[in-house]
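Inside the fold
Residues per chain are reported as follows:
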Amino acid sequence: MSETRTFPPSFWWGVAGAAHQVEGGNVNSDSWVLEHVPDSPFAEPSGDACDHYHRYPQDIALIASLGFNAYRFSIEWARIEPEEGEFSYAALEHYRRMLAACHEHHLTPIVTYHHFTSPRWFAAKGGWEVLDNAARFARYCDRATAHLGDLIGAACTLNEPNVGLLIQRMGYMPPDDVLLNAPYRRAAARAVGSDTFAAFPNCRQAPARDTFLQAHRLAVEAIKAGPGDFPVGMTLAMVDHQAVPGGEAARDSARRAIDDIFLDVARADDFIGVQTYSRMRHGPDGPLPPEDGVELTQMGYEFWPEALEATIRYAAGYTGRPVLVTENGIGTEDDTRRIEYVRRALAGVHRCLQDGIDVRGYCYWSVFDNFEWSLGYRPKFGLIAVDRVTQTRTLKPSAEWLGSVARQNALVG
Ligand code: BGC
């Protein structure tokens, strides 16, 4: 017999994206510089991405037509403040039009103020490695909110300020001293006429962590002081930390260093944004590789949709705050595996709701196949495929499937 799992009436069913990964031509950003230096850590440049900067009216209409009621996207600091202290009203107006288009199509806009990219001038001033730079971010948040706040539905200050710490511990990114001396970093500094170039996440994580914590606090103050009345929080990259026998201490220390120091601050927020893709196993000597026999995604980590339930429970239990799933998804060429992954992840969300945990919504990452940072366009996270030359959008079965879950506000079967 097929079971119907219904979600709360106000549940946000969203899709997510980020400016640099979909807009195209983000030439003033730190990432654009790094994508074009010798020894670039990027497999390919972002280029036109999905040309979402120009195609957002059709894209937003498409998202709404599928059945979703929320769209999480980021506004691009590098466009809004292309030189320090010089704000672009044209860029702000662009994002105002995007917000208006969301409202027109009954999508709640969930706005991220910083999704990894910063203006190149910010990286040239030491970026997140410099504590005083937190105030520069807050000034941008203040100006952006003054222009956009009345149309925002929910705000995320920073996207995954802990992701560098996470991937460093997993061994996917080198330690801070290696990052500091990376040839591409010196080349980028030369390209912008500076003696430093600190772009996130390829920067020293120890100082960046402290700047992020400060930036988040200041950003919340700035956003709350502006127009509009909407929930504000940060989003974290969370994995389900699991210990094999003897690995409990390593697991707890990883949690403390990667998650808890941010969750401590999130206790003062309106919600905590949970972004989960997989699990991480810890042995007595630290992180373990994927377990033999477990399916891997295109990203090389384990297909583990149950991680979402575990991280929601952890974040809600630790902070006592409502949870918004701001990202969850899978990179795969096999769309049937995407549907299976999301179905199992959503069953976990539903179990959390049944246990009384206040989960406000679920945003699938990602609306489009897009620029997956250093890996370029190879990983396919999208519900919608994008032709890299013609920009034609093609719906995958998962787009229709998840759209119908959203429309019914229920997981059937
Ligand atoms: C980031 C996205 C990224 C996704 C998939 C998250 O860490 O917020 O920008 O594309 O994971 O790897």
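Residues numbered from 1 in each chain as written. Predicted model: local features only at pLDDT ≥ 70, side-chain atom pairs only at ≥ 80, totals over all residues. Heavy atoms only, no water.

Quick look at the overall build of the chain
Tallying secondary structure elements over the chain gives 15 helices and 13 strands in all. Relative to the globule expectation of 22 Å for 413 residues, the C-alpha radius of gyration of the chain, 20 Å, shows essentially globular dimensions. Principal-axis analysis of the C-alpha atoms gives the chain an extent of 65 × 55 × 45 Å. Across the chain, contacts joining residues at least 24 apart in sequence account for 80% of those joining residues at least 6 apart. Computing the positive centroid from 39 side-chain charges and the negative centroid from 53, the chain places the two 1 Å apart. (Helix = DSSP H or I, 4+ residues; strand = E, 2+ residues; numbered from the N terminus. Rg over C-alpha atoms; globule rule 2.2 N^0.38 Å. Contact = heavy atoms within 4.5 Å. Lys, Arg positive; Asp, Glu negative; His and termini not counted. Charge placed at Lys NZ, Arg CZ, Asp CG, Glu CD.)

Topic: the site of the ligand
Around the ligand lies a shell of 13 residues, among which Gln21, His115, Glu160, Glu327 and Glu372 are the nearest. Trp365 is positioned such that a nitrogen or oxygen atom in its side chain is 3.2 Å from an oxygen atom of the ligand. Considering the ligand on its own, with 310 Å² of exposed area, one finds that the protein chains cover 92% of that surface. Its residues placed into classes, the shell around the ligand shows six nonpolar, four polar and three charged. (Near = heavy atom within 4 Å. Polar contact = N/O pair within 3.5 Å; in protein donor to acceptor, adjacent residues only side chain to side chain. Areas by Shrake-Rupley, 256 points an atom, 1.4 Å probe, with all protein chains shown as cover. Nonpolar A, V, L, I, M, F, W, Y, C, P; charged D, E, K, R; others polar.)

Some points on the packing of aromatic side chains
Evaluation of the coordinates by the stated rule reveals 26 aromatic pairs. Aromatic pair Tyr314 and Tyr318: ring centres 5.9 Å apart, planes at 40°, arrangement tilted. Of the two residues, Tyr314 and Tyr318 both sit in helix 13 (residues 307-319), four residues apart, roughly one turn of that helix. Residue classification places Tyr314 among the partly exposed residues on the basis of a relative accessible area of 23%. Look at Tyr318 and you get buried, because its relative accessible area is 18%. The positively charged end of Arg279 is found above the aromatic ring belonging to Trp304, 3.6 Å away from the centroid. Here Arg388 stacks its cationic end above the ring of Tyr377, 3.6 Å away from the centre of that ring. (Phe/Tyr/Trp six-rings, centres within 6.5 Å; stacked < 30°, edge-to-face > 60°. Buried < 20%, exposed > 50% of the residue type's maximum accessible area, 1.4 Å probe, protein only. Lys NZ or Arg CZ within 6 Å of the ring centre and 35° of its normal.)

So, the environment of Asn202
With respect to the element layout, Asn202 can be found in the loop between helix 10 (183-191) and helix 11 (205-225). A relative accessible area of 18% means that Asn202 is categorised as buried. In sequence terms Asn202 and Pro41 are 161 residues apart; their C-alpha atoms lie 8.8 Å from each other. Setting aside chain neighbours within four positions, we find Asn202 in contact with Pro41, Met173, Leu179, Tyr184 and Arg185.

Regarding the packing of helix 7 (residues 133-148) against helix 11
Between helix 7 and helix 11, the least distance of the axes is 8 Å, while the angle of their chain directions is 25°. Classified by the angle between their axes, helix 7 and helix 11 sit roughly parallel to one another. Pair helix 7 / helix 11 crosses with right-handed handedness. Of the residues in helix 11, those in contact with Ala134, Ala135, Phe137, Ala138, Cys141, Asp142 and Thr145 of helix 7 are Thr211, Gln214, Ala215, Leu218, Ala219, Ala222 and Ile223. Within the contact of helix 7 with helix 11, the residues separate by chemical class into ten nonpolar, three polar and one charged. (Axes fitted to C-alpha atoms, helices over the stretch in contact; angles between N-to-C directions. Parallel < 35°, antiparallel > 145°, perpendicular 65-115°, else oblique. Left-handed = near helix turned anticlockwise from the far one by under 90°.)

Some thoughts on unusual backbone geometry
Here the amide bond leading from Phe200 into Pro201 is cis, since omega sits at 0°, within 30 degrees of zero. Relative to the assigned elements, Pro201 resides in the loop between helix 10 and helix 11. Following Trp365, the chain continues to Ser366 via a peptide bond in cis, the omega torsion being 20°. In this structure, Ser366 sits in the loop between strand 10 (359-365) and strand 11 (384-386). Not every positive phi belongs to a glycine, and Asn409 is a case in point at roughly 55°. We classify Asn409 as buried; its relative accessible area is 14%.

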